[in-house]
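Residue-level structural notes
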Amino acid sequence: MSLSYSPMVTAMIQSATLGGLANVLAQVISSYRTGSEVSIDWVPVFQFLLFNLISTPPNFIWQDFLESTFPAHPEPPHPKKSDTPPPPPKLSIRNTAIKLVLDQTVGAALNTLLFSTFTHSLRAALHPAPRITNLFKAITFWTSSGTVDLTRVDFDTVWAASLDEFWSILIAGWRLWPAVALINFSAVKTVQGRNLVGSLAGVVWGIYMSLLSAQ
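In what follows, the accompanying structure is described. Just so you know, these numbers come straight off a predicted model, no measurement behind them.

1. Focus on helix 4 (residues 135-143)
- Three or more residues of helix 4 are buried, namely Ala138, Phe141 and Trp142. Down the axis of helix 4, the sector holding all buried residues measures 90 degrees, keeping them to one side. Seen from the buried face of helix 4, the exposed residues on the opposite side, beyond 90 degrees, are Phe136, Lys137 and Thr143.
- For helix 4, the side-chain oxygen to backbone nitrogen distance between the N-cap and Phe136 is 3.0 Å, and the N-cap itself is Asn134.

Structural data, given as C-alpha coordinates:
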(Lines give C-alpha, C1' and ligand atoms only; values in the text may rest on other atoms or scores of the structure.)
Protein backbone atom coordinates (compact mmCIF):
# COMPACT_ATOMS: atom_id res chain seq x y z
CA MET A 1 0.00 0.00 0.00
CA SER A 2 1.58 3.25 -1.14
CA LEU A 3 1.07 6.58 0.55
CA SER A 4 0.02 9.52 -1.59
CA TYR A 5 0.25 13.11 -0.46
CA SER A 6 -1.24 16.31 -1.78
CA PRO A 7 1.13 18.43 -3.89
CA MET A 8 1.42 20.97 -1.05
CA VAL A 9 2.28 18.34 1.58
CA THR A 10 4.87 16.84 -0.78
CA ALA A 11 6.32 20.31 -1.31
CA MET A 12 6.48 20.87 2.46
CA ILE A 13 8.34 17.59 3.02
CA GLN A 14 10.79 18.37 0.22
CA SER A 15 11.45 21.91 1.41
CA ALA A 16 11.83 20.92 5.06
CA THR A 17 14.27 18.12 4.24
CA LEU A 18 16.39 20.29 1.98
CA GLY A 19 16.27 23.19 4.46
CA GLY A 20 17.63 20.97 7.21
CA LEU A 21 20.28 19.62 4.83
CA ALA A 22 21.35 23.16 3.96
CA ASN A 23 21.97 23.98 7.62
CA VAL A 24 24.00 20.78 8.11
CA LEU A 25 26.14 21.68 5.09
CA ALA A 26 26.55 25.23 6.41
CA GLN A 27 27.86 23.88 9.71
CA VAL A 28 30.29 21.60 7.87
CA ILE A 29 31.53 24.57 5.83
CA SER A 30 31.88 26.69 8.96
CA SER A 31 33.92 23.94 10.68
CA TYR A 32 36.14 23.64 7.61
CA ARG A 33 36.75 27.39 7.57
CA THR A 34 37.74 27.49 11.24
CA GLY A 35 39.66 24.23 11.15
CA SER A 36 37.54 22.78 13.95
CA GLU A 37 36.12 19.29 14.26
CA VAL A 38 32.77 18.78 12.53
CA SER A 39 30.06 18.47 15.16
CA ILE A 40 26.50 19.12 14.05
CA ASP A 41 24.36 21.24 16.36
CA TRP A 42 20.84 19.91 15.71
CA VAL A 43 19.02 22.86 17.26
CA PRO A 44 19.50 25.22 14.25
CA VAL A 45 18.92 22.29 11.87
CA PHE A 46 15.43 21.91 13.34
CA GLN A 47 14.96 25.69 13.18
CA PHE A 48 15.50 25.69 9.41
CA LEU A 49 13.40 22.55 8.99
CA LEU A 50 10.55 24.23 10.87
CA PHE A 51 10.90 27.46 8.89
CA ASN A 52 10.60 25.59 5.60
CA LEU A 53 7.50 23.77 6.82
CA ILE A 54 5.90 27.10 7.72
CA SER A 55 6.99 29.07 4.66
CA THR A 56 6.18 26.48 1.99
CA PRO A 57 2.34 26.71 2.01
CA PRO A 58 2.16 30.51 1.43
CA ASN A 59 4.85 30.23 -1.24
CA PHE A 60 3.00 27.35 -2.90
CA ILE A 61 -0.21 29.40 -2.94
CA TRP A 62 1.70 32.43 -4.25
CA GLN A 63 3.20 30.46 -7.14
CA ASP A 64 -0.19 28.95 -7.94
CA PHE A 65 -1.72 32.45 -7.99
CA LEU A 66 0.98 33.75 -10.33
CA GLU A 67 0.58 30.86 -12.76
CA SER A 68 -3.22 30.94 -12.79
CA THR A 69 -3.29 34.72 -13.25
CA PHE A 70 -0.42 34.95 -15.74
CA PRO A 71 -0.15 31.51 -17.39
CA ALA A 72 3.17 30.76 -19.03
CA HIS A 73 1.50 29.00 -21.96
CA PRO A 74 -1.97 30.52 -22.44
CA GLU A 75 -4.31 28.62 -24.71
CA PRO A 76 -4.48 30.27 -28.16
CA PRO A 77 -7.88 31.23 -29.57
CA HIS A 78 -9.33 28.45 -31.69
CA PRO A 79 -12.31 28.71 -34.07
CA LYS A 80 -15.23 26.63 -32.80
CA LYS A 81 -16.07 25.08 -36.18
CA SER A 82 -12.51 24.31 -37.23
CA ASP A 83 -11.54 20.64 -37.60
CA THR A 84 -7.82 21.35 -37.43
CA PRO A 85 -6.16 20.80 -34.06
CA PRO A 86 -5.12 23.98 -32.27
CA PRO A 87 -1.44 24.90 -32.34
CA PRO A 88 0.52 24.12 -29.18
CA PRO A 89 0.51 27.03 -26.75
CA LYS A 90 3.59 29.22 -26.92
CA LEU A 91 5.49 30.75 -24.04
CA SER A 92 4.06 34.15 -23.17
CA ILE A 93 6.98 36.54 -22.80
CA ARG A 94 4.64 39.16 -21.33
CA ASN A 95 3.23 36.88 -18.63
CA THR A 96 6.67 35.49 -17.81
CA ALA A 97 8.06 39.01 -17.38
CA ILE A 98 5.13 40.05 -15.14
CA LYS A 99 5.55 36.95 -12.94
CA LEU A 100 9.29 37.50 -12.70
CA VAL A 101 8.88 41.12 -11.58
CA LEU A 102 6.13 40.32 -9.07
CA ASP A 103 8.00 37.34 -7.67
CA GLN A 104 11.27 39.23 -7.22
CA THR A 105 9.65 42.29 -5.65
CA VAL A 106 6.46 41.45 -3.74
CA GLY A 107 7.30 37.78 -3.23
CA ALA A 108 10.94 38.37 -2.34
CA ALA A 109 10.11 41.16 0.11
CA LEU A 110 7.52 39.07 1.94
CA ASN A 111 9.82 36.04 2.08
CA THR A 112 12.66 38.16 3.44
CA LEU A 113 10.47 39.59 6.20
CA LEU A 114 9.04 36.15 6.96
CA PHE A 115 12.51 34.66 7.37
CA SER A 116 13.83 37.50 9.51
CA THR A 117 10.83 37.74 11.83
CA PHE A 118 10.72 33.97 12.24
CA THR A 119 14.45 33.69 12.96
CA HIS A 120 14.60 36.54 15.46
CA SER A 121 11.36 35.49 17.17
CA LEU A 122 12.41 31.87 17.54
CA ARG A 123 15.87 32.86 18.73
CA ALA A 124 14.31 34.96 21.48
CA ALA A 125 11.73 32.30 22.33
CA LEU A 126 14.46 29.67 22.73
CA HIS A 127 16.91 31.88 24.60
CA PRO A 128 19.22 30.61 25.82
CA ALA A 129 19.27 27.92 23.09
CA PRO A 130 21.51 25.00 24.04
CA ARG A 131 23.98 23.34 21.72
CA ILE A 132 22.83 19.74 21.20
CA THR A 133 24.97 17.44 19.05
CA ASN A 134 22.91 14.31 19.72
CA LEU A 135 20.00 13.94 17.32
CA PHE A 136 17.73 12.08 19.74
CA LYS A 137 18.38 14.59 22.52
CA ALA A 138 17.54 17.37 20.05
CA ILE A 139 14.23 15.69 19.21
CA THR A 140 13.46 15.44 22.93
CA PHE A 141 14.37 19.12 23.36
CA TRP A 142 12.09 20.28 20.54
CA THR A 143 9.16 18.12 21.64
CA SER A 144 9.33 19.13 25.30
CA SER A 145 6.78 21.57 26.67
CA GLY A 146 8.11 25.03 27.37
CA THR A 147 10.96 24.80 24.86
CA VAL A 148 9.49 27.64 22.81
CA ASP A 149 8.33 30.44 25.10
CA LEU A 150 6.82 33.30 23.13
CA THR A 151 6.56 35.45 26.26
CA ARG A 152 10.31 36.02 25.89
CA VAL A 153 9.81 37.65 22.50
CA ASP A 154 9.79 41.43 22.20
CA PHE A 155 8.10 41.80 18.82
CA ASP A 156 9.06 45.47 18.49
CA THR A 157 12.71 44.43 18.77
CA VAL A 158 12.15 41.57 16.32
CA TRP A 159 10.55 43.87 13.78
CA ALA A 160 13.32 46.47 14.14
CA ALA A 161 15.99 43.79 13.62
CA SER A 162 14.12 42.43 10.59
CA LEU A 163 13.90 45.86 8.98
CA ASP A 164 17.56 46.52 9.73
CA GLU A 165 18.73 43.51 7.70
CA PHE A 166 15.96 43.64 5.07
CA TRP A 167 17.85 45.27 2.21
CA SER A 168 21.08 43.32 2.67
CA ILE A 169 19.21 40.00 2.50
CA LEU A 170 16.97 41.12 -0.37
CA ILE A 171 19.90 42.33 -2.49
CA ALA A 172 21.85 39.15 -1.75
CA GLY A 173 18.84 37.13 -2.89
CA TRP A 174 18.71 38.98 -6.20
CA ARG A 175 22.07 37.39 -7.06
CA LEU A 176 20.41 33.96 -7.17
CA TRP A 177 16.63 33.96 -7.27
CA PRO A 178 15.90 35.92 -10.49
CA ALA A 179 17.80 33.28 -12.48
CA VAL A 180 15.97 30.47 -10.67
CA ALA A 181 12.62 32.19 -11.21
CA LEU A 182 13.32 32.73 -14.91
CA ILE A 183 14.09 29.02 -15.38
CA ASN A 184 10.99 28.07 -13.43
CA PHE A 185 8.60 30.40 -15.23
CA SER A 186 9.90 29.63 -18.71
CA ALA A 187 10.82 25.93 -18.58
CA VAL A 188 8.95 24.26 -15.70
CA LYS A 189 5.23 23.90 -16.30
CA THR A 190 3.84 22.77 -12.92
CA VAL A 191 3.79 24.51 -9.55
CA GLN A 192 4.99 21.26 -7.96
CA GLY A 193 7.98 21.14 -10.30
CA ARG A 194 8.78 24.77 -9.65
CA ASN A 195 8.71 24.18 -5.93
CA LEU A 196 11.19 21.32 -6.33
CA VAL A 197 13.54 23.44 -8.43
CA GLY A 198 13.18 26.26 -5.91
CA SER A 199 13.90 23.88 -3.03
CA LEU A 200 17.04 22.58 -4.72
CA ALA A 201 18.25 26.13 -5.33
CA GLY A 202 17.19 26.83 -1.76
CA VAL A 203 19.92 24.50 -0.53
CA VAL A 204 22.49 27.03 -1.77
CA TRP A 205 20.46 29.90 -0.35
CA GLY A 206 19.89 28.01 2.89
CA ILE A 207 23.62 27.56 3.36
CA TYR A 208 24.11 31.31 2.96
CA MET A 209 21.26 32.12 5.35
CA SER A 210 22.46 29.55 7.90
CA LEU A 211 25.92 31.09 7.90
CA LEU A 212 24.35 34.55 8.20
CA SER A 213 22.01 33.62 11.06
CA ALA A 214 24.86 31.95 12.95
CA GLN A 215 26.79 35.24 13.12
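Still to come is the rest of the account.
2. Side note on the environment of Trp167
- Mapping Trp167 onto the fold places it in helix 6 (residues 166-173).
- Note: C-alpha distance between Trp167 and Leu110 (57 residues apart in sequence) is 12 Å.

3. Things to note about the packing of aromatic side chains
- Counted according to the given criterion, the structure contains nine aromatic pairs.
- Look at Phe51 and Phe118: their rings are 5.3 Å apart centre to centre, the planes differ by 50 degrees, and that puts the pair in the tilted class. Residue Phe51 is found in helix 2 (residues 42-69), and its partner Phe118 is found in helix 3 (residues 93-126); the two are separated by 67 residues along the sequence.
- A connected cluster of aromatic rings, assembled from ring pairs, spans Phe48, Phe51, Phe115 and Phe118.

4. What to know about a nonpolar patch on the surface
- Among the surface-exposed residues, Leu50, Leu53 and Ile54 lie close enough to one another that they form a single nonpolar patch of about 210 Å² accessible area.
- Leu53 sits in the partly exposed class, given a relative accessible area of 30%.

5. Notes on the pattern of salt bridges
- Evaluated as defined, the whole model comprises four salt bridges.
- Between Lys99 and Glu67 there is a salt bridge, and its shortest N-O distance comes to 2.6 Å. You can see Lys99 sitting in helix 3 and its partner Glu67 sitting in helix 2, a full 32 residues away along the chain.
- The class of Glu67 is buried, set by a relative accessible area of 16%.
- In this structure, the salt-bridge partner of Arg194 is Glu67, at a minimum N-O distance of 2.6 Å. Separated by 127 residues along the polypeptide, Arg194 in helix 8 (residues 191-213) and Glu67 in helix 2 bring together distant segments of the chain. Of the two residues, Arg194 and Glu67, neither departs from the other in class, the shared state being buried.
- Each of Glu67, Lys99 and Arg194 takes part in one network of salt bridges that share partners.

6. Some points on the nonpolar core
- Judged by nonpolar contacts, the single largest core of 15 residues is most densely connected at Val43, Leu126, Phe141, Trp142 and Met209.
- Counting only elements with at least two residues in this core, the list comes to helix 2, helix 3, helix 4, helix 6 and helix 8.
- When residues in this core are grouped by element, the largest group, four residues, is from helix 3.
- Once residues lying within four places of it in the same chain are set aside, the contact partners of Met209 are Phe48, Phe115 and Ile169.

Criteria and cut-off values
- Residues numbered from 1 in each chain as written.
- Predicted model: local features only at pLDDT ≥ 70, side-chain atom pairs only at ≥ 80, totals over all residues.
- Heavy atoms only, no water.
- Buried < 20%, exposed > 50% of the residue type's maximum accessible area, 1.4 Å probe, protein only.
- Helix = DSSP H or I, 4+ residues; strand = E, 2+ residues; numbered from the N terminus.
- Arc of directions from axis to C-beta.
- Polar contact = N/O pair within 3.5 Å; in protein donor to acceptor, adjacent residues only side chain to side chain.
- Phe/Tyr/Trp six-rings, centres within 6.5 Å; stacked < 30°, edge-to-face > 60°.
- Patch = residues over 30% accessible without salt bridge, like charges linked within 9 Å, V, L, I, M, F, W, Y side chains within 5 Å.
- Areas by Shrake-Rupley, 256 points an atom, 1.4 Å probe, with all protein chains shown as cover.
- Salt bridge = Lys/Arg side-chain N within 4 Å of Asp/Glu carboxyl O.
- Core = buried A, V, L, I, M, F, W, Y, C linked by side-chain atoms within 4.5 Å.
- Contact = heavy atoms within 4.5 Å.

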